[in-house]
Amino acid sequence: MRSITIPEGTDISRGQWQQAWQPTDILVRYFVAGCILAGVLLLPLAWSVGWYSLIVVSFPVLGLLLGLVVWRRSYTAVNDAYRDVLNGICDWDRRGETGAEIFVSDPTCAGQQYRIEPAEEYVLFYVEVTDRYTLLEEITVDFVNLELSTKSESVPSQQIASQSFESGVFSLDSSKGSWRITGLENVSSDEVDHTYVQR
């Protein structure tokens, strides 16, 4: 697994990104901080003024409310930035070898969290065909932890018996095995828009 970099133009830090996916942790932390503040620091003041119950109840509630505000800012920032992150991953112009034919699938998503637009995980396929080899990759994007994992197989040209791309289906037969990947699109031509658009 390798770490995904958040593009510089976005207005979110890595810590804020991960906070958005863990609302329970944020709420519990701020609630506990409110309890500690009320119970330890303000306890003498509460006894002397006679407002013990008001202070003991209000500070944990204020902690919860502050936790909600922090979580809302985090998930709003994720919703604003995730397309830029996904487009950076799907920038096929930077990946392929010059003159290579590149075929990719639209990302399929799995897992959804309340109030967060992107899925927890995206999976897509990438195929690169050159004169020397054919590269087959299954790319998994873990959006919660901002990590990218890749399963890949590179098949040298001399081991390929046949390969074809027709109607979105890439087929390859070789001495290493056979593959049939569906739902692909040829993105190596200049007229194709290489950016990801959510469907």
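Use the structure listed above.
The model shown is predicted, which means the values in this text are computed figures rather than measured ones.

Student: What should I look at first to understand helix α2 (residues 23–41) in this one?
Tutor: Structural remark: α-helix, 3.6 residues per turn; residues separated by three or four positions point the same way. Taking 1.5 Å per residue, 19 residues should reach 27 Å; α2 reaches 26 Å between its end C-alpha atoms and fits that length. Within α2, burial applies to P23, I26, G34 and A38. The buried residues of α2 occupy an angular sector of 95° when the element is viewed end-on, so they sit on one face. Counted as exposed and oriented over 90 degrees from the buried face of α2: T24, R29 and V40.

Student: When you look at the packing of aromatic side chains in this model, what are you seeing that I'm missing?
Tutor: If you walk through the whole model with that rule in mind, you get 7 aromatic pairs. Relative to Y114, the ring of W71 lies with its centre 6.4 Å away and its plane at 20°, an arrangement referred to as stacked. Taken together, the residues span a long stretch of sequence, with W71 in helix α4 (residues 52–89) and Y114 in the loop between β3 (108–110) and β4 (121–129) at a distance of 43 residues. Residue W71 is classed as buried on the basis of its relative accessible area, which comes to 10%. Both rings, one in Y82 and one in F143, keep their centres 6.5 Å apart while their planes meet at 80°; by these two values the pair is edge-to-face. Here Y82 is found in helix α4, whereas its partner F143 is found in the loop between β5 (133–142) and β6 (147–156), with 61 residues between them in sequence. Pair check on accessibility: Y82 and F143 agree, each one buried. What links up through ring pairs into an aromatic cluster is the set W17, Y82, Y122 and F143.

Calculation criteria
- Residues numbered from 1 in each chain as written.
- Predicted model: local features only at pLDDT ≥ 70, side-chain atom pairs only at ≥ 80, totals over all residues.
- Heavy atoms only, no water.
- Helix = DSSP H or I, 4+ residues; strand = E, 2+ residues; numbered from the N terminus.
- Expected span 1.5 Å × (residues − 1).
- Buried < 20%, exposed > 50% of the residue type's maximum accessible area, 1.4 Å probe, protein only.
- Arc of directions from axis to C-beta.
- Phe/Tyr/Trp six-rings, centres within 6.5 Å; stacked < 30°, edge-to-face > 60°.

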